[in-house]
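Here's the letter readout for the chains.
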Amino acid sequence: MSETTAHAQTQTVDAQAHAGQQHPIRLYLLVWGLLFVLSALSYMVDYLGIQGYPRWTLILVFMMLKAGLIVAVFMHMAWERLALVYAILLPPLLVLVFVALMVSEADYTIFTRLAFFGATP
Amino acid sequence: MAQTVQPHGEPGLRQSGLRGVAADFSSDQRAFKTASWGKAMMWIFLLSDTFVFGCFLIAYMTARMSTPVAWPNPSEVFGLHIGGQNVPLILIAIMTFVLISSSGTMAMAVNFGYRRDRGKTAGLMILTALLGATFVGMQAFEWTKLITEGVRPWENPWGAAQFGSTFFMITGFHGTHVTIGVIFLLIVARKVWRGDFDVERRGFFTSRKGRYEAVEIMGLYWHFVDLVWVFIFAFFYLW
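Just so it is clear, the structure is predicted and the values come from calculations on it, not from any experiment.

So, the overall build of chain B
No. 1: Within chain B, the secondary structure is distributed over nine helices and two strands.
No. 2: Along chain B, helices (α) and strands (β) appear in the sequence α-α-α-α-β-β-α-α-α-α-α when read from the amino end.
No. 3: Each of the three principal axes of chain B carries a C-alpha extent, and together these read 65 × 40 × 30 Å.
No. 4: Taken over 239 residues, chain B has a buried fraction of 54%.
No. 5: Excluding contacts between residues fewer than 6 apart, the proportion of contacts in chain B whose partners are at least 24 apart in sequence is 69%.
No. 6: Of the roughly 10800 Å² of accessible surface on chain B, a fraction of 64% belongs to carbon and sulfur atoms.
No. 7: Averaging the positions of the 20 positive and the 15 negative side-chain charges in chain B gives two centres separated by 8 Å.

Take a look at the structure:
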């Protein structure tokens with residue numbers, strides 16, 4: 001008796017959990033299209049030979065938009081509870097500290113290389 | 001039984017926002033209320049993989065910033081002669097579109113999985129696997145071309161020697177992920193096609209009953225591979 005109740009419960013609960021990630025196909029097609037457009041735009045940055053700060057800005061903006069769309073919609077992060085969202089998205093941000101450390105390290109390395117070996121090592 | 005069921009129940013009763021975060025983490029239970037163990041563990045694996053790829057890209061940044069020798073121009077290195085014309089970066093652009101398309105078909109497979117449409121789910125997953133295999137094939141072509149042109153982990157004809165080592169390390173590790181993903185896709189597609197998730201057949205490796213959520217967990221891995229490519233495309237090929 002209790003087993004059948006538990007079983008019935010599992011099924012409703014399963015149905016609920018599944019309903020949680022039920023989104024219209026149209027949404028996925030829209031994101032797919034947007035990813036195509038954004039990739040084409042990134043490619044155009046290179047094709048048109050844009051250089052300097054505009055190039056960096058455009059590449060990074062398109063990259064972040066693409067990454068955001070994939071994580072939020074395709075990986076369903078937009079519909080997860082905040083506890084999971086923060087646990088997964090905040091730690092990679094700390095990698096930026098590592099990036100800053102290595103930028104400083106790389107600057108020092110090239111400085112010593114140029115100072116001691118000249119322009120050609 | 002009741003305990004395994006509980007985490008999915010009544011999401012409406014829980015607090016949302018930052019209070020919800022505090023409540024979830026301090027509830028003296030599992031923290032990720034609406035995500036099953038399988039899904040949470042895949043996310044945590046992907047987080048660890050993010051750090052690995054992060055370290056590779058940082059190593060590449062450090063090498064590129066600290067060499068006094070000019071870095072090869074990726075736009076030219078990865079260009080192809082098509083019809084007597086030089087088209088910059090064209091192979092990489094096609095690879096990007098192939099991988100994005102595979103992400104699209106995967107997302108739709110997850111959707112049809114939850115609708116318990118076995119045919120469409122398995123079909124879309126096999127299509128995803130085919131696109132993934134196409135990507136790896138094009139990468140093999142790219143590697144072959146560069147190796148015949150003389151690129152090695154310790155040298156290349158166009159400048160900074162570190163170009164070769166970072167190129168083979170980063171794209172090689174990503175290609176390995178795609179290859180593992182293709183195998184993983186085929187295994188899950190077979191399970192879907194056979195109806196393993198409908199009859200709760202036990203898996204050959206864990207001997208646990210599978211659910212259609214396995215398709216979503218597989219999808220997380222696949223989308224992550226695409227996600228990493230977004231960063232490699234921006235930092236390695238466009239920069």
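Observations concerning the layout of surface pockets
No. 1: Space inside the second largest pocket adds up to approximately 1200 Å³.
No. 2: Around the second largest pocket sit 33 residues that line it, and Met-63 and Leu-96 of chain A together with Leu-57, Phe-231 and Phe-235 of chain B are the ones nearest its centre.
No. 3: Listed by contribution, the elements that provide at least two residues to the lining of the second largest pocket are helix 3 (52-74) and helix 4 (82-117) of chain A together with helix 3 (37-66) and helix 9 (213-238) of chain B.

Observations regarding empty space enclosed by the protein
Residue and element names in this part refer to chain B.
No. 1: A full pass over the atoms with the stated rule returns one cavity of 30 Å³ or more.
No. 2: Within this model, the largest cavity holds a volume of roughly 40 Å³.
No. 3: Lining the largest cavity, in full, are Val-77, Phe-78, Gly-79, Leu-80, Leu-91, Glu-142, Lys-145 and Leu-146.
No. 4: Here the element with the most residues in the lining of the largest cavity is helix 6 (residues 118-148); it accounts for three residues.
No. 5: For the lining of the largest cavity, a count of residues per class yields five nonpolar, one polar and two charged.

Quick notes on unusual backbone geometry
All names here are of chain B.
No. 1: Even without being a glycine, Leu-89 presents a positive backbone phi close to 60°.
No. 2: With respect to the secondary-structure elements, Leu-89 resides in the loop between strand 2 (85-87) and helix 5 (90-114).
No. 3: Among the residues examined, Leu-89 registers a relative accessible area of 0% and is labelled buried.
No. 4: One non-glycine residue with positive phi stands out, namely Arg-116, at about 60°.
No. 5: As for its position among the elements, Arg-116 is in the loop between helix 5 and helix 6.
No. 6: Judged by relative accessible area, Arg-116 falls into the partly exposed class, the value being 45%.

Here we look at the UniProt feature "domain: Heme-copper oxidase subunit III family profile" (unreviewed entry) in chain B
No. 1: The feature "domain: Heme-copper oxidase subunit III family profile" (unreviewed entry), as given by UniProt, occupies residues 42-239 of chain B in the numbering adopted here.
No. 2: Here residues 42-239 of chain B runs as 75% helix and 3% strand, with 31 Å between its end C-alpha atoms.

Calculation criteria
All chains use their own residue numbering, which begins from 1 and follows the written sequence. Chains and ligands are labelled by the order in which they are written, letters from A for the one and numbers from 1 for the other. With pLDDT at 70 or above as the cut-off, local features in this predicted model cover only qualifying residues; side-chain atom pairs require 80 or more to be listed or tallied, and sums for whole chains, interfaces and linings still use all residues. Remark: hydrogens and water are excluded; side-chain values derive from all non-hydrogen atoms of the structure. Strands here are runs of E lasting at least two residues and helices are runs of H or I lasting at least four, both read from the DSSP assignment and numbered beginning at the N terminus. Throughout this description, buried means an accessible area under 20% of the type-specific maximum (1.4 Å probe, protein chains only), exposed means over 50%, and partly exposed covers the range between. Any two residues whose heavy atoms approach within 4.5 Å at even a single point are treated as in contact. All accessible-area figures derive from a Shrake-Rupley calculation using a 1.4 Å probe, and residue coverage is judged against the displayed protein chains alone. A positive count includes Lys and Arg, and a negative count includes Asp and Glu. His and the chain ends are not counted in either. To locate a charge, take NZ of a lysine, CZ of an arginine, CG of an aspartate or CD of a glutamate. The distinction between a cavity and a pocket rests on a 1 Å grid over the protein atoms alone: a 1.4 Å probe fits inside a cavity but cannot get out, while a pocket stays open yet meets protein on both sides within 12 Å along at least five of seven lines, and a residue with an atom within 4 Å of a point counts as lining. Grid points are joined across faces, edges and corners, and a volume is the space filled by probe spheres set on the points. Polar here means any residue outside two lists: the nonpolar Ala, Val, Leu, Ile, Met, Phe, Trp, Tyr, Cys and Pro, and the charged Asp, Glu, Lys and Arg; Gly therefore counts as polar. UniProt positions are given in the numbering used here, feature names are shortened, and annotations may be inferred rather than shown by experiment.

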